[in-house]
Amino acid sequence: MLQRASAAFDTTIQLLRDKNNNRVIWVRAARLLRRAVELGDLIHDSDYAQAYQLESERARHELYDALSIEDPETGGRKALPPQFFYGIDDWDSEKSLDQAAKKASAEVEAYGVSIDENPPEPKLGQLAPRSVVAIYDFLEYPNDYDDPLDRVAVWDGNYESARGIDAGAKRYVAHDLEHFAIGGKLHKRTKANDGDG
């Protein structure tokens with residue numbers, strides 16, 4: 001089941017990696033992704049279940065990259081615009097969601113039925129909402145996610161004797177434990193405004 005789930009994750013990623021907004025491809029990808037998750041739910045052996053979790057986290061990361069855009073200003077990632085999901089070719093330049101919906105709409109076409117030829121296929125531009133929801137729901141970590149970072153104890157802020165590979169990291173953590181910045185201004189942490197960064 002682990003191998004099958006992993007293969008389904010890989011195929012899902014391959015289907016969406018090129019940022020296509022093809023309705024049929026998205027439906028296939030969403031079905032495969034849901035099947036992979038269903039297979040994961042059937043894995044009860046703890047070693048295989050942990051391996052499945054690693055595979056699902058890898059898939060989540062790769063899909064996040066595939067379904068987001070690099071922000072040239074920050075170097076971070078930003079969400080695809082809503083126009084993308086209408087399946088139009090110019091989703092990255094169309095500013096109006098109303099216009100995107102109009103462009104994606106099927107043309108009204110009259111045709112005769114003949115035994116000699118197939119009728120034209122209707123244009124299905126916009127993505128199926130269920131396929132979009134299935135894929136984006138997967139990108140969110142589950143509510144019962146066992147985060148391994150929850151078991152990490154943050155250093156106590158003692159950086160004076162820090163040397164070697166973690167010297168800068170310890171100084172950063174010590175600074176973060178004592179300060180926070182908002183709107184370009186640095187503030188001292190107090191019990192009233194304390195956070196875990």
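Conventions adopted
Residues numbered from 1 in each chain as written. Predicted model: local features only at pLDDT ≥ 70, side-chain atom pairs only at ≥ 80, totals over all residues. Heavy atoms only, no water. Helix = DSSP H or I, 4+ residues; strand = E, 2+ residues; numbered from the N terminus. Contact = heavy atoms within 4.5 Å. Salt bridge = Lys/Arg side-chain N within 4 Å of Asp/Glu carboxyl O. Buried < 20%, exposed > 50% of the residue type's maximum accessible area, 1.4 Å probe, protein only. Pairing = 2+ DSSP bridges. Core = buried A, V, L, I, M, F, W, Y, C linked by side-chain atoms within 4.5 Å. Axes fitted to C-alpha atoms, helices over the stretch in contact; angles between N-to-C directions. Parallel < 35°, antiparallel > 145°, perpendicular 65-115°, else oblique. Left-handed = near helix turned anticlockwise from the far one by under 90°. Phe/Tyr/Trp six-rings, centres within 6.5 Å; stacked < 30°, edge-to-face > 60°.

S.K.: Please provide a residue-by-residue account of unusual backbone geometry, values included.
M.R.: In this structure, Lys19 is a non-glycine residue whose phi angle is positive, near 60 degrees. Mapped onto the secondary structure, Lys19 falls in the loop between α1 (2-16) and α2 (23-41).

S.K.: So, the side chain of Ser6: which residues are in play, and what are the values?
M.R.: With respect to the helices and strands, the residue Ser6 is situated in helix α1. If sequence neighbours within four positions are ignored, Ser6 has contacts with Glu55 and Arg58.

S.K.: Give me the lowdown on the pattern of salt bridges, citing residues and values where you can.
M.R.: Counted under the stated rule, the structure contains twelve salt bridges. Of the charged contacts in the structure, one is a salt bridge between Asp166 and Lys170, with a shortest N-O distance of 3.5 Å. Overall, the relative accessible area of 23% leaves Asp166 in the partly exposed class. You can call Lys170 partly exposed: its relative accessible area is 24%. The salt bridge involving Glu178 is made with Lys188; its shortest N-O contact spans 3.7 Å. You can see Glu178 sitting in helix α6 (residues 167-178) and its partner Lys188 sitting in strand β4 (residues 185-188), a full ten residues away along the chain. Look at Lys188 and you get exposed, because its relative accessible area is 52%. Shared partners join several salt bridges into a network, and the residues in it are Asp10, Arg17, Glu55, Arg58 and Glu62.

S.K.: Outline the pairing of strand β3 (residues 179-182), listing residues and values.
M.R.: Consecutive side chains of a regular strand alternate in pointing toward one face of the sheet and then the other. Pairing of β3 with β4 involves four bridges; the strand directions are antiparallel. What sits directly across from His179, in β4, is Lys188. The loop that links β3 with its antiparallel partner β4 comprises two residues; one of these, Gly183, has a positive phi angle of about 60 degrees.

S.K.: Talk me through the nonpolar core; I want residue IDs and the actual numbers.
M.R.: The biggest cluster of nonpolar side chains holds 30 residues, and the ones touching the most others in it are Trp26, Leu67 and Ile135. Listing elements by their share of this core, those giving two or more residues are α1, α2, α3 (46-66), α4 (97-104) and α5 (129-139). Tallying contributions element by element places α1 first for this core, with six residues. Setting aside residues up to four positions removed in sequence, Leu67 forms contacts with Leu16, Trp26, Leu80, Ile135, Tyr136 and Leu139.

S.K.: Tell me about the packing of α2 against α5, residues and numbers included.
M.R.: Two elements in contact, α2 and α5, have axes whose closest approach is 8 Å; the angle formed by their N-to-C orientations is 45 degrees. It follows from the interaxial angle that α2 and α5 lie oblique. The way α2 lies across α5 gives a crossing that is left-handed. Where α2 abuts α5, its residues Trp26, Val27, Ala29, Ala30, Leu33, Arg34 and Val37 lie against Ser131, Val132, Ala134, Ile135, Tyr136 and Phe138.

S.K.: Outline the packing of aromatic side chains, supporting the account with residue identities and numerical values.
M.R.: Scanning all chains against the criterion turns up eight aromatic pairs. Both rings, one in Phe9 and one in Phe138, keep their centres 5.5 Å apart while their planes meet at 35 degrees; by these two values the pair is tilted. Placement of the pair is Phe9 in helix α1 and Phe138 in helix α5, with a sequence separation of 129 residues. On the basis of relative accessible area, Phe138 is assigned to the buried category, the value being 8%. Ring centres of Trp26 and Phe85 lie 6.0 Å apart, and the angle between their planes is 85 degrees; this geometry places the pair in the edge-to-face category. Placement of the pair is Trp26 in helix α2 and Phe85 in the loop between β2 (77-79) and α4, with a sequence separation of 59 residues. On the basis of relative accessibility, which here comes to 0%, the residue Trp26 falls in the buried class.

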